[in-house]
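# Coordinates in review
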Amino acid sequence: MPLTATSCRRYGVFGSTMIAPIVEPTLKCIRAFIMKKFTIRSLPFYILMSSAAMAQDAPQIQEITVIGVRDTHTVRTDDTLVAPPDTAQLLRRMPGANINKNGELTGIAQYRGMYGDRIKVSVNGAPISGAGPNSMDSPLHYAPVAILESLTINRGIAPVSAAQESIGGYVEAITYTGEFGTSSDFSFDGRTYFGAQSVNEGTVASGFFSLANRDHIFRTFVMQEQADDLDFGSGDIIPSEYERERFDLGYSFRGGDHEFSLDFARNNTKDAGTASLPMDILAIDSDLLRSKYQWSGADFNFTAEFSASDNEHWMTNYHLRRPPQDNMMTAGAMRYRRNWAVSESYGFKLKLEQLVDNGTWLYGLDRHTSSHRSTITNPNAGPFYISNFNDTDKDVLGAFIERGISLSDRTGLDAGVRINRISMDSELVSANLNPMGATSGMPFMINNLAGMLSNQFNGSDLDQTDNNVDWFARFSIEAGRNTTWYAGAARKTRSPSYQERYLWLPLESTGGLADGKTYVGNPDLDPEVAHELELGFDWESGSYNIYPRVFYKEVSDYIQGTPATNPVVNNFAMMMASMGMGQPNPLQFDNVDSTFYGFDVEADFKLNDRFTLRAVASIVRGERDDINDNLYRIAPDNIILALDYQGSNWVGTFESVNYADQNRVSATNVEKKTDGYSIFNLTARINLSTNIEIGLGIENLFDKEYEDHLAGYNRAFNPDIGLRDRMPGLGRNFYGRLMWYF
Ligand SMILES: [Cu+2]
């Protein structure tokens, strides 16, 4: 008999291996939850959930069951002890995922070898367009750990409805939003979160407060965090200090089948070192607004979301790191740089989901438009400026349709198509690299070359439109009581980023590549087109669960830096390098062909009532197809093995994190190899009472010194790390957090 609408209660949260649901739902219900992950947005504070409250709260929502495999991996902050302030660090615990770390608050999501703009990240459903042309405020910068409720990665092929351009994957951060009450009386609830760690004397203090009844939630969040420079065992990473403040205000209303929310967040990042990049953060001041309306009918769900952001950012190469020194060719003062960068974005998403007898239909329309401006100046030479990006626009308008269907009682199919129309443009650019008005000599010649490049750029076809088609299909079949097989296929596209199209002067504004190379863009770039296959199975037998996946992805017109061929670009870079700025032999963004393939798995084995063994392993290869080279900054093979102990009022974990050598490096990006390493971590979470929890941890127990392949190269003067040497991993770190729910 084909599966039809099934009534499932919403109980626990699935995806985190740390949680045992209080009420074990049926396997089919779990699948319904996974299918419907967008409908379980606001989860109650798990620790506060009592079975009585649950019985009362759990609405009898009609859920459609379609056979499927576990296609997301969620880490919940409450159940996972993490030391660092950067939410991106949580990705390291997920199969296939990792982070390219350029600073403590600057973690760029990597998934199966792709990163940066290829991974779509949303915070509470809203896409994020950071201000920094080097992604100093990468999207997860806007979901600090202290306000984070959960971080979810779509395993493998993301549905086309998840995000507009999900060629490399989709990550969703959910922050605390509070819970509706059960009566008309208002109650005051909240959570305070305090954290501290030894490795950089970092502290965080935050509070989430809500005033809620059955119909209304008023909420606010405040946070303050700061730290000194990080210790790596035989020195400090200079600069890696940071300071950040955050303030949120929000409101939700529920009436009948309708729900509405409006949220505002203000982020103020102050001094923050990014030693893997040419400059450090002086400030990031951001305002983010989002709103959502949801209408849940008997056989449909309608959602309308709106978001907007306004980010302003300053960075320099002199205020946190040692400023440029005099050399044979130039005075250090002439190489001081300050960069002002702003981004504005807004977007909406309309989604209508229809529940039908054998599954669901989903129709949607979304738009996201972002503009960026970046100007580089020298505080010691007023007339000096580079119009790095001048009001570059990227406007993505998309429409999609998706179907989830039970083909039989043992087989399910999810499939969908999306069409994106991408319009991009830039205003004209200019620069003055000859602030003293010299009539001969290096600055004069360099400025002439810059003038030729701005003329070339301004005369090219800046106005570009791409029409991109994405589709995906995921087929699942239950092969027995414990096993569900899975096969997926997809075509995904991505139009170039504004840096890839509109970087006109050889500079390092590359969305955080941090390879030390300067780049130029190309307005005529074609969109990337990926074709992907994925196979795997879920084997779930209660105490033993394993979820392996293999994948193969071919990308035509993959955008990659290749040696620049424009003689003006090469001359410019060579002259700059001779004066101590940047490197010769710049790269230009180009369309090439590439292939990604690999394997990842998560598994847990319940040894007995107390002990559970967990494993997460990730292997990925990324290769150029047009030449014999590897792709740059790909995560080394890695495996996390953890042993969890469940005590009466505490949970302990002993964990080994193992990274292999990375010898498959990119010659094009002059990438350095790294050696493998293993570090060991210990954590414990103790419930002092029903509403107070303490977490304690030691990271890198044996103070092992190692190089972090994904942390780039040191770019700031440091007596203990050479310039352009690999960034070290962090030394032993004692850390703790205190969470008090009230
Ligand atoms: Cu920046």
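Structure: above.
Here's what I pulled together on the structure shown here. The residue numbers shown here count from 1 along each chain, following its written sequence. Reporting of local features is limited, given that this is a predicted model, to residues whose pLDDT is at least 70; pairs of side-chain atoms are given and counted only at 80 or more, and all residues count toward the totals for whole chains, interfaces and linings. Derived side-chain values reflect all non-hydrogen atoms in the structure, with water molecules and hydrogen atoms excluded from consideration.

The next point concerns the overall build of the chain. By definition, any uninterrupted DSSP run of H or I lasting at least four residues is a helix, any uninterrupted run of E lasting at least two residues is a strand, and each is numbered from the N terminus. Along its length, the chain carries five helices and 36 strands. In this description the radius of gyration comes from C-alpha coordinates, and the expected globular size is given by 2.2 Å times residues to the power 0.38. For a compact globule of 742 residues, the expected C-alpha radius of gyration is about 27 Å, and the chain comes in at 25 Å, within 12% of that figure. In terms of overall dimensions, the chain has C-alpha extents of about 80 × 50 × 50 Å along its principal axes. For the chain, with 742 residues in total, the buried portion stands at 59%. Here, Shrake-Rupley sampling with a 1.4 Å probe gives the accessible areas, and only protein chains in the shown set may cover a residue. Total accessible area on the chain stands at roughly 27,400 Å², and carbon and sulfur atoms take up 57% of it. In this charge count, Lys and Arg are treated as positive and Asp and Glu as negative; neither His nor the chain ends contribute. Charge positions come from single atoms, namely NZ of Lys, CZ of Arg, CG of Asp or CD of Glu. Both charge centroids of the chain, one from 65 positive and one from 92 negative side chains, sit 3 Å from each other. For each residue, the accessible area found with a 1.4 Å probe, counting protein chains only, is set against the maximum for its type, and the residue is called buried under 20%, exposed over 50%, and partly exposed in between.

For two strands to count as paired, DSSP must find a minimum of two bridges between them. An order of 4-5-6 is seen for the three strands of this open sheet, with the pairing classed as antiparallel. Two strands close off the open sheet at either side, each with one partner strand: strand 4 (97-103) and strand 6 (114-115). By the bridge criterion, two bridges tie strand 5 (residues 106-111) to strand 6 in an arrangement that is antiparallel. Following the sheet pairing, tyrosine 111 is matched in strand 6 by methionine 114.

Turning our eyes to something else, we now look at helix 3 (residues 442-458). Expected helix span is taken as 1.5 Å per residue step, with the number of steps being one fewer than the number of residues. Taking 1.5 Å per residue, 17 residues should reach 24 Å; helix 3 reaches 24 Å between its end C-alpha atoms and fits that length. Listed in full, the buried residues belonging to helix 3 are Ile446, Asn447, Leu449, Ala450, Leu453, Ser454 and Phe457. Mapping the buried residues of helix 3 onto a view down its axis gives an arc of 160 degrees, with all of them on the same face. Throughout, a contact is declared for two residues whenever any of their heavy atoms are within 4.5 Å. Among the structural elements, strand 24 (431-432), helix 4 (498-502) and helix 5 (567-578) are those in contact with the buried residues of helix 3. The arc in question is the one traced by the directions running from the helix axis out to the C-beta atoms.

With that out of the way, let us pick up the nonpolar core. In plain words, nonpolar cores are sets of buried Ala, Val, Leu, Ile, Met, Phe, Trp, Tyr and Cys residues tied together by side-chain atoms within 4.5 Å. Core analysis: the largest hydrophobic core is formed by 57 residues, its most contacted members being Leu91 and Leu151. Residue ranges labeled as domains rest on an automatic or database domain assignment. For this core, the two domains that each supply at least three residues are domain 1 (6-169) and domain 2 (170-741). In this view, leucine 91 contacts Ala97, Asn98, Ile99, Ala109, Leu140, Leu151, Ile153 and Val171; residues no more than four positions away in its chain are not counted. If you look at the next biggest cluster of nonpolar residues, it comprises 39 residues, including Phe389, Leu525, Ile559 and Met579.

Right, let's talk about the coordination of the copper ion for a bit. Surrounding the copper ion are the protein donor atoms Met136 (SD), His313 (NE2) and Met315 (SD), at 2.0 to 2.3 Å. Think of the donor list as every N, O and S atom within 2.8 Å of the metal, or within 3.2 Å for Na, K and Ca; water never makes the list, so a site can look incomplete. Spacing between the donor residues of the copper ion along the chain follows M-x176-H-x1-M. There is no split in this pair, since histidine 313 and methionine 315 are both buried.

Here, a salt bridge means any Lys or Arg side-chain nitrogen found within 4 Å of an Asp or Glu carboxyl oxygen. Using the criterion set out here, one finds 36 salt bridges in the structure. Arginine 92 is the salt-bridge partner of aspartate 708, the closest N and O atoms lying 3.0 Å from each other. In this pair, aspartate 708 sits in the loop between strand 35 (692-699) and strand 36 (733-741) while arginine 92 sits in the loop between strand 3 (72-76) and strand 4, placing the two residues 616 residues apart along the sequence. The salt bridge involving aspartate 263 is made with arginine 290; its shortest N-O contact spans 3.6 Å. Taken together, the positions of aspartate 263 in strand 17 (residues 258-272) and arginine 290 in strand 18 (residues 280-296) put the pair 27 residues apart, joining distant regions of the chain. Residue class for aspartate 263 comes out buried when judged on its relative accessible area of 8%. Overlapping salt bridges bring together Arg70, Arg112, Arg155, Glu534, Asp600 and Glu602 as one network.

Within the secondary structure, asparagine 124 sits in the loop between strand 7 (119-123) and strand 8 (126-127). The term polar contact refers here to a pair of N or O atoms within 3.5 Å; inside protein, the definition further demands a hydrogen-donor-capable atom paired with an acceptor-capable atom, and it admits residues adjacent in sequence only when both atoms are side-chain atoms. Among the polar contacts listed, one links the side chain of asparagine 124 to the side chain of threonine 175, at a separation of 2.8 Å. With residues near it in sequence (within four places) discarded, asparagine 124 still touches Ala173, Ile174, Thr175, Arg290 and Glu305.

This brings us to the packing of aromatic side chains. The criterion for an aromatic pair is that two Phe, Tyr or Trp rings (for Trp, the six-membered ring) have centres within 6.5 Å, with stacked assigned to planes under 30 degrees apart, edge-to-face to planes over 60 apart and tilted to the rest. Within the structure shown, the criterion is met by 24 aromatic pairs. Ring centres of phenylalanine 188 and phenylalanine 209 lie 6.2 Å apart, and the angle between their planes is 5 degrees; this geometry places the pair in the stacked category. Here phenylalanine 188, found in strand 11 (residues 187-197), pairs with phenylalanine 209, found in strand 12 (residues 202-212); they are 21 residues apart in sequence, far enough to count as distant. Residue phenylalanine 188 is classed as partly exposed on the basis of its relative accessible area of 49%. Consider the rings of tryptophan 485 and phenylalanine 537, whose centres lie 4.9 Å apart with planes at 50 degrees: the pair is tilted. In this pair, tryptophan 485 sits in strand 26 (residues 483-494) while phenylalanine 537 sits in strand 28 (residues 528-540), placing the two residues 52 residues apart along the sequence. Residue tryptophan 485 is classed as partly exposed on the basis of its relative accessible area of 44%. Among the residues examined, phenylalanine 537 registers a relative accessible area of 24% and is labelled partly exposed. Over a ring means this: the NZ of a Lys or the CZ of an Arg is within 6 Å of the ring centre and within 35 degrees of the ring normal. Here arginine 70 stacks its cationic end above the ring of tyrosine 547, 4.1 Å away from the centre of that ring. A cation over a ring is seen here: arginine 322 above phenylalanine 717, with NZ or CZ 3.8 Å from the ring centre.

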